[in-house]
Amino acid sequence: MQVMVYSDYIRSLLSYKKQNLTTEQRTFLFKLLSGHDQAFKIKSYLKLRNSAHDGRDPTSLISGSLEDIGLLEITKGKFLSSSKSFRITTFGLFHIFLNITIYPPQFLIKYKEDIILQTIVYQFFEEKTIKTSTGRFYSQLTNYIQECCNITMNAIQDINSSSKEEDKVKITNRLKFDLEWLIRRLGFKLIIMYNDTNLLALNPELKEDVKVTIYELESKMKGILSTDAKFIDLIKSINKDFSEGYEEIIRIHQEHLKNNK
């Protein structure tokens, strides 16, 4: 059975504070998650938006403000180079996942070593699965990530507002349960979604050639999932839990029928 570990994940996010970003800060983060992680790639874009009014480099102003609130790390170029590279922090990723579900699979791959993605994504899916995501699969995945972060944010607020240690433990345990439920629900959704009958039952308004193309793409995605050892472990665990629960309910049902004859 798959072991789900969440303790480090929860600890790493306990000091996160919600941030109300400016339009320029949000735009800057959006450019980063689109793959523009170097200053020279963002600088001209921000100048066109007139982000700075005092003549200073808008890239430095905005990246510095994001660094100050812990959403960004800035790396300067070697020796005398003035170039800078940017990397989104764990808190920055958490902010992004809380607020949006639209970002490329490459973004999840780039930050695959982060504790958030290691815990809620790469514990259950291999990198190759993310890299070859189809639209239907990826939509389910990004919605799941946002749900995980939303319930985590609620738990963090509850933990930080609680004065009793036993209450904090209860909240943490509830969060672990909720996160485990969300990944099991995603696994179950994918199993149902990639049932051949459901793949064939596409939007009837689509043209036949479009239906065929989508079916072929999603059938290929199903094949990729079938070779993903982590995903197979997950659905085996789901199947075991479902089968045991099913057998227990049926046993009680049969006993009830027997006793009422």
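Residues numbered from 1 in each chain as written. Predicted model: local features only at pLDDT ≥ 70, side-chain atom pairs only at ≥ 80, totals over all residues. Heavy atoms only, no water.

### Section: the overall build of the chain
Part 1 of the argument: Helix and strand counts for the chain stand at 13 helices and 2 strands.
Part 2 of the argument: Evaluated residue by residue, the chain yields a buried proportion of 38% over its 261 residues.
Part 3 of the argument: Taking contacts inside the chain between residues at least 6 apart in sequence as the whole, the part at least 24 apart equals 65%.
Part 4 of the argument: Summed over all atoms, the accessible surface of the chain reaches about 15,300 Å², with 54% contributed by carbon and sulfur. (Helix = DSSP H or I, 4+ residues; strand = E, 2+ residues; numbered from the N terminus. Buried < 20%, exposed > 50% of the residue type's maximum accessible area, 1.4 Å probe, protein only. Contact = heavy atoms within 4.5 Å. Areas by Shrake-Rupley, 256 points an atom, 1.4 Å probe, with all protein chains shown as cover.)

### Here we look at the packing of aromatic side chains
Part 1 of the argument: Tallying each qualifying case throughout the model produces 11 aromatic pairs.
Part 2 of the argument: Aromatic pair Phe 242 and Tyr 246: ring centres 6.3 Å apart, planes at 15°, arrangement stacked. Within this pair, Phe 242 and its partner Tyr 246 are both found in helix 13 (residues 229–259), separated by 4 residues, close to a single helical turn.
Part 3 of the argument: Given a relative accessible area of 52%, Phe 242 falls into the exposed group.
Part 4 of the argument: Here the aromatic residues Phe 97, Tyr 103, Phe 107, Tyr 111 and Tyr 138 are joined through ring pairs into a cluster of three or more. (Phe/Tyr/Trp six-rings, centres within 6.5 Å; stacked < 30°, edge-to-face > 60°.)

### Thoughts on the nonpolar core
Part 1 of the argument: Core analysis: the biggest nonpolar cluster contains 62 residues, and Phe 97, Leu 108, Phe 125 and Leu 141 have the highest contact counts within it.
Part 2 of the argument: Ranked by residue count, the leading element in this core is helix 9 (residues 135–161), at 11 residues.
Part 3 of the argument: Contacts of Leu 108, omitting those with residues within four sequence positions, involve Phe 97, Tyr 103, Leu 117, Tyr 122, Ile 130, Tyr 138, Leu 141 and Ile 145. (Core = buried A, V, L, I, M, F, W, Y, C linked by side-chain atoms within 4.5 Å.)

### Some words on helix 10 (residues 165–193)
Part 1 of the argument: Over its 29 residues, helix 10 extends 42 Å from the first C-alpha to the last, a length consistent with the 42 Å expected when each residue adds 1.5 Å.
Part 2 of the argument: Of all the positions in helix 10, only Ile 171, Thr 172, Leu 175, Leu 179, Leu 182, Ile 183, Arg 184, Leu 186, Gly 187, Leu 190 and Met 193 are classed as buried. (Expected span 1.5 Å × (residues − 1).)

### With respect to a nonpolar patch on the surface
Part 1 of the argument: Residues Phe 188, Ile 191 and Ile 192 make up a contiguous nonpolar surface patch of roughly 260 Å² in combined accessible area.
Part 2 of the argument: Judged by its relative accessible area of 41%, Ile 192 is partly exposed. (Patch = residues over 30% accessible without salt bridge, like charges linked within 9 Å, V, L, I, M, F, W, Y side chains within 5 Å. Salt bridge = Lys/Arg side-chain N within 4 Å of Asp/Glu carboxyl O.)

### A word on the environment of Gln 123
Part 1 of the argument: Positionally, Gln 123 belongs in the loop between helix 7 (115–120) and helix 8 (127–131).
Part 2 of the argument: Once the C-alpha coordinates of Gln 123 and Lys 230 are considered, the two residues, 107 residues apart in sequence, prove to be 7.0 Å apart.

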